[in-house]
Amino acid sequence: MTQVRTRFAPSPTGYLHVGGARTALFNWLFARHYGGEFVLRVEDTDAARNTDEAVQAIFDGLRWLELDWDAGPGKDDGRGPYFQSQRTDLYERQLDLLMKADRAYVDDGGAVRFRVPDEPVTVSDKICGSRTVNLKEEGSTCYDPETRQNVAVNPDFVIRRADGSFLFHFVNVVDDIAMAITHVIRGGDHLANTPKHVALFEALGSPIPEFAHIPLILNKNGSKMSKRDEGASMDTYIRDGFLPSAVRNYLSLLGWSPKDDREKMPIEDIIALFDYDHLNHANAKFDMEKCQWLNSQYLADLDAGAFVKLARDWMASTGEQGWLQENSATVDAALRVMRPKIKHLPEIRDHWPRFFVDDGIDLEAAAKVAADPSAKLQLDVVLRHLAIVEHWNEDAITEALDAAAEELGIKKGKFMFGLRVLATGAAQGTDLLPTLAVVGSERMLHRLGRRLAEIFP
RNA sequence: GUCCUUGUAGUGUAGUGGCCUAUCACAUCUGACUUUCUAUCAGAAAACCGGAGUUCGAUUCUCCGCUAGGACGCCA
């Protein structure tokens with residue numbers, strides 16, 4: 001087999017979509033599996049829609065996922081440049097060839113059209129199977145959404161606009177040839193374009209690469225993912241402090257399966273197993289909860305110090321000032337207590353006030369505490385015992401609570417919920433004892449008294 | 001409208017012409033543990049889209065239907 005070359009060929013018209021990132025990932029995995037090369041090519045032929053920010057988003061997303069390209073922007077292997085906007089000379093030459101062979105012509109509007117062959121074109125797709133169509137016949141009608149009818153059109157499709165700029169189908173194929181792409185793995189939305197591409201490959205006298213059209217990624221409800229949908233844009237993962245390895249792992253499971261029961265897998269194992277026969281045909285629905293769960297699994301692999309550093313980096317990246325006003329050692333200690341509960345870093349926002357905000361109570365939680373007629377008395381006793389703790393740490397607090405329980409003649413569990421609500425203002429949260437310890441004696445005692453008075457005026 | 005693709009629990013999936021009263025995981029519910037919990041551990045509930053056909057036998061193969069998605073641009 002000749003050297004495997006795959007490519008990711010995004011157009012920089014917006015943000016990097018998870019579907020695009022997943023396409024990049026699959027191409028990368030395939031190349032790595034076969035010891036081939038992964039090429040990044042930026043398809044910026046539509047000047048009106050392309051932006052520099054979008055180019056940056058593509059680079060950022062791929063780098064963040066650690067999908068390194070062997071050839072592409074910043075890494076020319078002699079087949080570049082890798083921006084299509086810089087390759088017009090090549091397109092001109094190839095177009096000349098087609099014109100000379102009478103495979104293309106200028107139409108009445110001044111655009112150049114490819115003369116589609118009036119004979120069957122066979123596309124063989126590694127996932128969707130093979131299909132033969134006659135482009136001349138099939139392309140001769142077009143659906144008009146307004147009249148909701150098919151209207152006759154010229155089956156010869158435009159490959160160059162009247163203004164001289166080139167179109168996707170043409171440049172895509174020319175570049176795949178010039179860049180020696182052997183395997184085209186792309187979203188299933190391109191499947192219907194493929195006969196056109198095959199015809200172009202043939203017209204340009206090139207061998208046809210292997211095609212594999214992978215299923216699309218949809219929302220959990222089956223609708224198409226648009227920018228505002230949760231998880232649709234790669235920058236949200238970066239911004240929310242996901243671990244790249246976790247997201248990469250999750251994305252690899254969307255439309256592909258190792259065929260055993262593993263889900264959390266090191267990238268080396270995924271590379272080793274990745275191949276066509278493990279790819280699915282059906283569209284995948286995106287499940288953010290599972291993505292977060294996988295993230296939590298990767299988070300759990302971190303030691304406490306690494307977690308704290310990660311959390312702190314994320315907090316700094318938010319630019320929020322509130323994080324900075326608390327004692328640094330206390331924050332670190334609090335983060336360690338939060339760690340087992342955190343699936344993804346933004347949840348720190350939920351836990352933060354339970355450590356660092358002294359007033360306010362969740363109304364429902366307060367009502368629940370107030371509903372127990374004996375709660376006031378119990379909590380009074382608990383607070384009295386806590387007030388005399390000398391060395392404020394988990395063990396000492398435990399002793400004080402034991403003593404309070406003994407004095408009251410009840411089990412600790414009876415008042416723990418109330419204590420939680422007083423201490424954190426919330427009904428659920430982190431382990432209570434470490435939370436009490438982390439906040440510190442003076443501050444915690446003050447807070448407990450204050451909230452107790454609030455619940456039982 | 002035409003063409004294409006798809007269909008296993010809510011979600012991602014495994015699997016097979018009879019070992020399928022169908023795998024694993026997330027989510028859900030329950031219990032246990034613990035002082036609490038959104039942690040942990042244990043358990044439960046939950047699916048082969050429908051109809052014909054082929055077959056001794058179909059979730060598995062074929063056809064039809066339906067569902068969902070895609071394509072049909074001087075977008076990519």
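A.B. asks: I'm lost on the protein's contact with RNA strand B in this one. Help?
C.D. replies: Around RNA strand B lies a shell of 58 residues, among which Cys-142, Arg-161, Lys-341, Met-416 and Arg-420 are the nearest. Among all atoms of RNA strand B positioned within 4 Å of the protein, those belonging to sugar or phosphate total 67%. Interatomic distance of 3.2 Å between a backbone N/O atom of Ala-162 and a base oxygen of RNA strand B. Here a base nitrogen of RNA strand B and a side-chain polar atom of Asn-193 are 3.2 Å apart. Grouping the amino acids of the surface near RNA strand B by side-chain chemistry returns 18 nonpolar, 18 polar and 22 charged.

A.B. asks: Explain the environment of Gly-35 to me, please; I cannot follow it from the model alone.
C.D. replies: Counting through the fold element by element, Gly-35 comes out in the loop between helix 1 (18-33) and strand 2 (37-40). The class for Gly-35 is exposed, based on a relative accessible area of 54%.

A.B. asks: When you look at the sheet that holds strand 9 (residues 158-160) in this model, what are you seeing that I'm missing?
C.D. replies: Picture the strands of a sheet paired through backbone hydrogen bonds; they go either parallel or antiparallel. Ordered in space as 3-4-9, the three strands form an open sheet in which the pairing is antiparallel. The open sheet has two edge strands with one neighbour each: strand 3 (104-106) and strand 9. Direction aside, the axes of adjacent strands within the sheet are offset by 40° on average. Taken strand by strand, helix 3 (residues 88-100) contacts strand 3, strand 4 (112-114) and strand 9, and its axis lies near 95° from that of strand 3.

A.B. asks: Is there a simple way to think about the confidence of the model for chain A in this case?
C.D. replies: Parts of the model with low pLDDT should not have their predicted coordinates read in detail. Residues at a pLDDT of 70 or more form 100% of chain A, whose mean pLDDT is 89. Scored as a whole, the predicted complex attains pTM 0.90, and scored at its interfaces, ipTM 0.88.

A.B. asks: Hey, could you run me through the side chain of Arg-5 in this one?
C.D. replies: Relative to the assigned elements, Arg-5 resides in strand 1 (residues 5-8). Apart from the residues lying within four places of it in its own chain, the contact partners of Arg-5 are Glu-37, Val-39, Ala-71, Asp-77, Arg-79, Tyr-82, Met-179, Ala-180, Ile-181, Thr-182 and His-183.

A.B. asks: Looking at this structure, how should I read helix 12 (residues 328-338)?
C.D. replies: Count 3.6 residues to each turn of an α-helix, and residues three or four apart come out pointing the same way. Every buried residue of helix 12 is listed here: Val-331, Ala-334, Leu-335, Val-337 and Met-338. Mapping the buried residues of helix 12 onto a view down its axis gives an arc of 160°, with all of them on the same face. The secondary structure elements touched by the buried residues of helix 12 are helix 11 (304-318), helix 13 (348-356) and helix 18 (432-439).

Calculation rules
Residues numbered from 1 in each chain as written. Chains lettered and ligands numbered in written order. Predicted model: local features only at pLDDT ≥ 70, side-chain atom pairs only at ≥ 80, totals over all residues. Heavy atoms only, no water. Near = heavy atom within 4 Å. Polar contact = N/O pair within 3.5 Å; in protein donor to acceptor, adjacent residues only side chain to side chain. Nonpolar A, V, L, I, M, F, W, Y, C, P; charged D, E, K, R; others polar. Helix = DSSP H or I, 4+ residues; strand = E, 2+ residues; numbered from the N terminus. Buried < 20%, exposed > 50% of the residue type's maximum accessible area, 1.4 Å probe, protein only. Pairing = 2+ DSSP bridges. Axes fitted to C-alpha atoms, helices over the stretch in contact; angles between N-to-C directions. Contact = heavy atoms within 4.5 Å. pLDDT = per-residue confidence, 0-100. Arc of directions from axis to C-beta.

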